[in-house]
Amino acid sequence: QVQLVESGGGLVQPGGSLRLSCVASGSLLSSNDMGWYRQAPGKERELVASIRSGGSIKYGDSVKGRFTISRDNAKDTLYLQMDSLEPEDTAVYYCKVNGVWGRPTIHYREVWGQGTLVTVSS
């Protein structure tokens, strides 16, 4: 089954850090776009950070300088290091991958994870 599984969310104090992971299952052969999105209470889903196959990285304005996106292609894993967390960062964080998958057969597909909740509160 093709799926993305996020982990690493939880409750953290303002100013703290969390590291989110997104593991792609189902034999991801290649990806041209991988990213993290979030949806806060009462708000629309927004881009947090994305990374293209060529290495181009884009961050949402609100997280620049605080979050770092990275990937480990060998492990088919996407990471989001979140530092200096603020209450405004509270949201469900979703992983998204646009890529070519090898299971059950080779195909291109956009896949979203189920999300992991990040709560920043004292």
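Residues numbered from 1 in each chain as written. Predicted model: local features only at pLDDT ≥ 70, side-chain atom pairs only at ≥ 80, totals over all residues. Heavy atoms only, no water.

Enquirer: For the sheet that holds strand β7 (residues 67-72), give the residues involved together with the corresponding values.
Expert: Pairing between sheet strands relies on hydrogen bonds along the backbone, with the strands arranged either parallel or antiparallel. The antiparallel open sheet is built from four strands, whose spatial order is β1-β3-β8-β7. Of all strands in the sheet, those with a lone pairing partner are β1 (3-7) and β7, marking the two edges. Geometrically, the sheet is characterised by an average inter-axis angle of 15° between neighbouring strands, direction not taken into account. Bridging between β7 and strand β8 (residues 77-82) involves six bridges; their strand directions are antiparallel. The partner of F67 across the bridge, within β8, is M82. (Pairing = 2+ DSSP bridges. Helix = DSSP H or I, 4+ residues; strand = E, 2+ residues; numbered from the N terminus. Axes fitted to C-alpha atoms, helices over the stretch in contact; angles between N-to-C directions.)

Enquirer: Describe the nonpolar core, naming the residues involved and giving the relevant values.
Expert: Formed by 29 residues in total, the largest nonpolar core has its most connected members in W36, L80, M82 and Y93. Looking at this core, the elements that each hand over two or more residues are β3 (18-25), β4 (28-39), β5 (46-52), β7, β8, β9 (91-101) and β11 (116-120). The leading source of residues in this core is β9, at five residues. (Core = buried A, V, L, I, M, F, W, Y, C linked by side-chain atoms within 4.5 Å. Buried < 20%, exposed > 50% of the residue type's maximum accessible area, 1.4 Å probe, protein only.)

Enquirer: Tell me about the packing of aromatic side chains, residues and numbers included.
Expert: Applying the stated rule across the entire model yields one aromatic pair. For the ring pair Y37 and W112, a centre distance of 5.1 Å and an interplane angle of 55° mean the geometry is tilted. Taken together, the residues Y37 in strand β4 and W112 in strand β10 (residues 107-112) connect sequence positions 75 residues apart. One residue, R45, lies across the ring of Y94, its end atom 3.9 Å from the ring centre. (Phe/Tyr/Trp six-rings, centres within 6.5 Å; stacked < 30°, edge-to-face > 60°. Lys NZ or Arg CZ within 6 Å of the ring centre and 35° of its normal.)

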